[in-house]
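What the coordinates show
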Amino acid sequence: PMPIDKRTHQLTRMYGGLRALETDTAPAPDDWRVVSDAVNLMETLVKEMAICEDSTGLLPDAVKALALAGQRKWAGGALRLDGPGIQAVRAVLENYADLLEVLPHRVVVRCHRMTERRMLKIMYGVRQQHDVEVIAI
């Protein structure tokens, strides 16, 4: 598996970002980004790499919740998740954390690279059916 220090760093940032989106008075765009990154990585593991399944069925809901939070911020509102969004994102992040415990480090690195390439393609207008959008906050 991924070395424990790298895993701990990634999970600490991910859960810190979620906590900020849930409770901080003014969550930072970076909080949203690290949470979105983790959800995007999970999307790659499920939809592109077929390493696992979305056992909760909440992955699309988590993607939608983060997109709505980004749109809300873009429109001048608060960078927040609603109640169902919090539940969906939390479930997906917990699944991702569980996978980091068992997946080979090589697979995690490959997932990161594939996700980065997918994000670049989306930014250049090449989208897949399940892609929502990239929001610059």
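Here's what I pulled together on the structure shown here.

1. A closer look at the nonpolar core
Met 42, Leu 45 and Val 89 are the most contacted members of the largest nonpolar core, which totals 37 residues. If near-sequence neighbours (up to four positions away) are discounted, Val 89 is found in contact with Leu 18, Val 35, Ala 62, Ala 65, Leu 66 and Leu 81.

2. Considering the packing of helix 2 (residues 29-48) against helix 5 (residues 105-123)
The contact between helix 2 and helix 5 brings their axes to 9 Å, and the two run at 100°. With respect to their mutual orientation, helix 2 and helix 5 come out roughly perpendicular. Contacts from Asn 40, Leu 41, Glu 43, Thr 44, Leu 45 and Glu 48 of helix 2 reach helix 5 at Cys 111, His 112, Met 114, Thr 115, Arg 118 and Met 119. Across the contact of helix 2 with helix 5, the residue classes tally to five nonpolar, four polar and three charged.

3. Regarding the side chain of Glu 43
Among the structural elements, Glu 43 can be located in helix 2. The class of Glu 43 is buried, set by a relative accessible area of 4%. At 3.4 Å, the side chain of Glu 43 forms a polar contact with the side chain of Arg 118.

Calculation criteria
Each chain carries its own residue numbering, running from 1 in the direction its sequence is written. Reporting in this predicted model follows two pLDDT cut-offs: at least 70 for local features of residues, and 80 or more for side-chain atom pairs to be given and counted; totals over whole chains, interfaces and linings ignore these cut-offs and use all residues. Water and hydrogen atoms play no part in the side-chain values, which are based on all heavy atoms of the structure. For our purposes a nonpolar core is just a set of buried Ala, Val, Leu, Ile, Met, Phe, Trp, Tyr and Cys residues, chained together by side-chain atoms within 4.5 Å. Per-residue accessibility, obtained with a 1.4 Å probe over protein chains only, is compared with the maximum for each type, and a residue is labelled buried under 20%, exposed over 50%, and partly exposed between these values. The criterion used for residue contact is that any of the two residues' heavy atoms lie within 4.5 Å. Every angle, taken between N-to-C directions, lies between 0 and 180 degrees, and every axis is a line fitted to C-alpha atoms, over only the stretch in contact when it is a helix. Under the scheme used here, helices are H or I runs from DSSP no shorter than 4 residues and strands are E runs no shorter than 2 residues, and both carry numbers assigned from the N terminus. Should an angle fall under 35 degrees it is taken as roughly parallel, and over 145 as roughly antiparallel, whereas 65 to 115 is taken as roughly perpendicular and any remaining angle as oblique. Each residue is assigned to one of three groups, with Ala, Val, Leu, Ile, Met, Phe, Trp, Tyr, Cys and Pro labelled nonpolar, Asp, Glu, Lys and Arg labelled charged, and all others, Gly among them, labelled polar. The term polar contact refers here to a pair of N or O atoms within 3.5 Å; inside protein, the definition further demands a hydrogen-donor-capable atom paired with an acceptor-capable atom, and it admits residues adjacent in sequence only when both atoms are side-chain atoms.

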